[in-house]
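Examining the three-dimensional arrangement
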Amino acid sequence: MNVKQEEIVIVGAGTFGLSTGLWLLRNGFKNVTLVDPYEVPSEISAGYDINKIVQSSYQEDHCLTNSLAIEALEGWQTDPVFFPHFHETGILYSTSQGTDSSEYKELLDVKSYCEKTNRRFKCVLMNKSDDFKKIVPQLTGPLKKWKGFFQPAECGWAHARDTLVSAGREISRLGGRFVVGEVSELIYGDSSVTGCLLSNGESILADKIIISAGASSVKLLKFQNQLLAKCWTVAHIKLSKDEAKKFKNMPVVLNYEQGFFFEPDPIKNELKICNEFPGYTNYVSGDEPDNSIPLYKSQIPKAAELDIRKLLSDTLPEFKDREFVETKICWCTDTPDRNFLICEHPDFNSSLILATGDSGHGFKHMPIIGKYIARLVTYGPIALDEEKRNKWKWRPETSKDRVQDRFGGDGHVGDLHDISNWVSKVL
Ligand code: FSA
């Protein structure tokens, strides 16, 4: 059968799933079905959010992330599905940890990589709080010990939820089908996966199944500890119309160890703030990575509230006591080395494709990641260049050497079971 006539089922209609559906249909596939427990925009997708950072420079040794992010940037700037949702505000990178810290070293590495890649702008180094205030006058707090740099263009933020909606619409327009349902298990044939079973008892048959269920991927399959589901914390405060006006087009303010925030969204005037820390797991049995399962909650730990208010005191003190109108935890899934897991599963003769392991930096790649997943579905791993093939391959042998690779908090990954004090939004 012509591969483009095959029945393709995509499990998970979030960032990777929608991008995959979009690119399969753009490439001429005729029978593409996306299954998710929720309609687009799926409220359990990490992309179900007002903003996500769109970065286009990393440290030089993250070269695959760098080249992909630059390619994705073009998608954010030119692809009609994506560009209406991109805000090229620039990003202010910062740390308060002093010039000997690993945070500062990373920041300088990012800056020098950015400068080396011949962009159409100049980065600005900032050594004291007044330097920051010149560029972002909205920052009225003490910015204690802040140092950093400003990348004025080719980066910013995307309206994440609207991007999911936009991709979903285009998929429908191109003939893709959405099924609202929870996949409870995969259906196995002799040496292939032949479909999936939904929790309502229905089944969907497929020639190929793509698992793009993000942190929930571990519910469907053993990943031999390659994936570790972890969550981070999000809060919103509401600004008045007049307050919000002052923030229009403000760059993303990103402090490596304290967290980040964005200009308020133009409809609800809500400003999203996240504190930075190494994340929380939710181990349901034992503490092997395969056993950390997402738990969705519209609350955040008290410790996260304190860190978010501390960031506000340091940057926007007038809002440090403003009530939260939204609190939630957002799930990602880390591979041991933070490269994605985009490959054929080794045991099922090309019928099972994995497109997961976002590692906390998936969203910005949404305009282009599906292009590579679609190539893998169409032609097999040979269609990926060697670097992608190696970095994204099935690699359980790496699961013993996990990089932690996050700043902030107490430097350790916590577990949700140890949290007794939770904070809710005001109703
Ligand atoms: O552009 C970026 O890579 C920002 S990722 C945002 C974030 O909250 C991380 O700061 C956090 O450490 C985790 O990876 C989830 O995503």
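Residues numbered from 1 in each chain as written. Predicted model: local features only at pLDDT ≥ 70, side-chain atom pairs only at ≥ 80, totals over all residues. Heavy atoms only, no water.

An unreviewed UniProt entry annotates the chain as L-pipecolate oxidase of [Candida] jaroonii.

Observations regarding the overall build of the chain
When its secondary structure is counted, the chain shows nine helices and 24 strands. For the chain, whose C-alpha radius of gyration is 21 Å, the value lies close to the compact-globule estimate of 22 Å for 427 residues. Here the C-alpha coordinates of the chain stretch approximately 65 × 50 × 45 Å along the principal axes. When burial is assessed residue by residue, the chain has 59% of its 427 residues classed as buried. Partitioning the intrachain contacts of the chain with sequence separation of at least 6 by distance along the chain shows that 77% fall at a separation of at least 24. (Helix = DSSP H or I, 4+ residues; strand = E, 2+ residues; numbered from the N terminus. Rg over C-alpha atoms; globule rule 2.2 N^0.38 Å. Buried < 20%, exposed > 50% of the residue type's maximum accessible area, 1.4 Å probe, protein only. Contact = heavy atoms within 4.5 Å.)

Let's talk about the site of the ligand
The ligand sits among Ile53, Gln55, Tyr58, Trp232, Phe260, Glu276, Cys332, Arg338, Gly360, His361, Lys364 and Arg406. Within the side chain of Gln55, an N or O atom sits 2.8 Å from an oxygen atom of the ligand. In the environment of the ligand, an oxygen atom lies 2.9 Å from a nitrogen or oxygen atom belonging to the side chain of Glu276. Protein chains shield 84% of the accessible area of the ligand, which is 390 Å² for the free molecule. Class assignment for the residues of the shell around the ligand results in five nonpolar, three polar and four charged. There are two domains that each give the shell around the ligand at least three residues, and those are domain 1 (1-87 + 156-226 + 337-394) and domain 2 (91-153 + 228-334 + 404-427). (Near = heavy atom within 4 Å. Polar contact = N/O pair within 3.5 Å; in protein donor to acceptor, adjacent residues only side chain to side chain. Areas by Shrake-Rupley, 256 points an atom, 1.4 Å probe, with all protein chains shown as cover. Nonpolar A, V, L, I, M, F, W, Y, C, P; charged D, E, K, R; others polar. Domains from an automatic or database assignment.)

Points about unusual backbone geometry
A cis amide bond links Val40 to the next residue, Pro41, at an omega of 0°. Although it is not a glycine, Lys145 adopts a positive phi angle of roughly 60°. Turning to its location among the elements, Lys145 is positioned in the loop between helix H4 (129-135) and strand S7 (147-151). Accessibility expressed as a relative area gives 66% for Lys145, which makes it exposed. One non-glycine residue with positive phi stands out, namely Asn269, at about 55°.

Here's the deal with the pattern of salt bridges
Two side chains of opposite charge can pair, provided their charged atoms sit close to one another. Scanning all chains against the criterion turns up 26 salt bridges. Here Asp131 ties to Lys128 by a salt bridge, and the two come within 3.1 Å at their closest N and O atoms. Note on Asp131: relative accessible area 14%, which makes it buried. The class of Lys128 is partly exposed, set by a relative accessible area of 49%. Measuring nitrogen to oxygen at the nearest pair gives 3.2 Å for the salt bridge that ties Lys391 to Glu387. Residue Lys391 and its partner Glu387 are both found in helix H9 (residues 386-391); the two are separated by four residues, about one turn of the helix. What emerges from the salt-bridge pattern is a single network uniting Glu88, Arg119, Arg120 and Glu154. (Salt bridge = Lys/Arg side-chain N within 4 Å of Asp/Glu carboxyl O.)

Considering the domain arrangement of the chain
Looking at the chain, the domain boundaries give domain 1 (1-87 + 156-226 + 337-394) and domain 2 (91-153 + 228-334 + 404-427). For domain 1 versus domain 2, the distance between C-alpha centres works out to 26 Å. Across the domain 1 to domain 2 interface the summed buried area is about 3300 Å²; carbon plus sulfur atoms make up 54%. In this structure, the connection of domain 1 to domain 2 is made through three salt bridges. For the salt bridge of Lys272 with Asp49, the shortest nitrogen-to-oxygen distance reads 2.6 Å. Joining domain 1 to domain 2, the criterion identifies 15 residue pairs in polar contact (both at pLDDT 80 or more). If you list the elements that add at least two residues to the side of domain 1 that touches domain 2, you get strand S3 (51-54), helix H2 (63-78) and strand S8 (156-159). In terms of residue count, the dominant contributor to the side of domain 1 that touches domain 2 is S3 (four residues). Of the residues in the side of domain 1 that touches domain 2, the class split is twelve nonpolar, 19 polar and seven charged. (Buried area = accessible area lost by both parts, 1.4 Å probe.)

Notes on the sheet that holds strand S4 (residues 86-87)
Where strands meet in a sheet, backbone hydrogen bonds hold them as pairs that are either parallel or antiparallel. The strand order across the open sheet built from three strands is S3-S8-S4, with neighbouring strands paired in antiparallel fashion. Looking at which strands have only one partner, the edges of the open sheet turn out to be S3 and S4. Here S4 runs beside S8; their pairing, made up of two bridges, is antiparallel. What sits directly across from His87, in S8, is Trp157. Packing of helix H5 (residues 160-173) onto the sheet brings it into contact with S3 and S8, and relative to S8 it is tilted by some 55°. (Pairing = 2+ DSSP bridges. Axes fitted to C-alpha atoms, helices over the stretch in contact; angles between N-to-C directions.)

A few points about the side chain of Asn225
Residue placement: Asn225 occurs in the loop between strand S13 (208-211) and strand S14 (228-238). On the basis of relative accessible area, Asn225 is assigned to the buried category, the value being 12%. For Asn225, the side chain forms a polar contact with the side chain of Glu288, separated by 2.8 Å. Side-chain polar atoms of Asn225 contact the backbone nitrogen of Asp290, separated by 3.0 Å. Sequence-distant contacts of Asn225, that is, excluding residues within four places in its chain, are made with Glu288, Pro289, Asp290, Ser399 and Arg402.

With respect to the packing of aromatic side chains
A complete count under the given rule lists 17 aromatic pairs for this structure. A centroid spacing of 6.1 Å and a plane angle of 50° characterise the contact between Phe247 and Phe319, whose relative ring orientation is tilted. Here Phe247 is found in the loop between helix H6 (241-245) and strand S15 (252-255), whereas its partner Phe319 is found in the loop between helix H7 (302-315) and strand S20 (324-334), with 72 residues between them in sequence. In terms of burial, Phe247 and Phe319 fall into one category: buried. (Phe/Tyr/Trp six-rings, centres within 6.5 Å; stacked < 30°, edge-to-face > 60°.)

Observations regarding the pairing of strand S1 (residues 7-11)
Of all five residues that make up S1, four are buried, and the element is covered over most of its length. Here S1 runs beside strand S2 (residues 31-36); their pairing, made up of five bridges, is parallel. The residue bridging Glu7 from the neighbouring strand is Asn31, located in S2. The handedness of the S1 to S2 crossover, carried by helix H1 (residues 15-26), is right-handed. (Right-handed = clockwise from strand over helix to strand, strands pointing away.)

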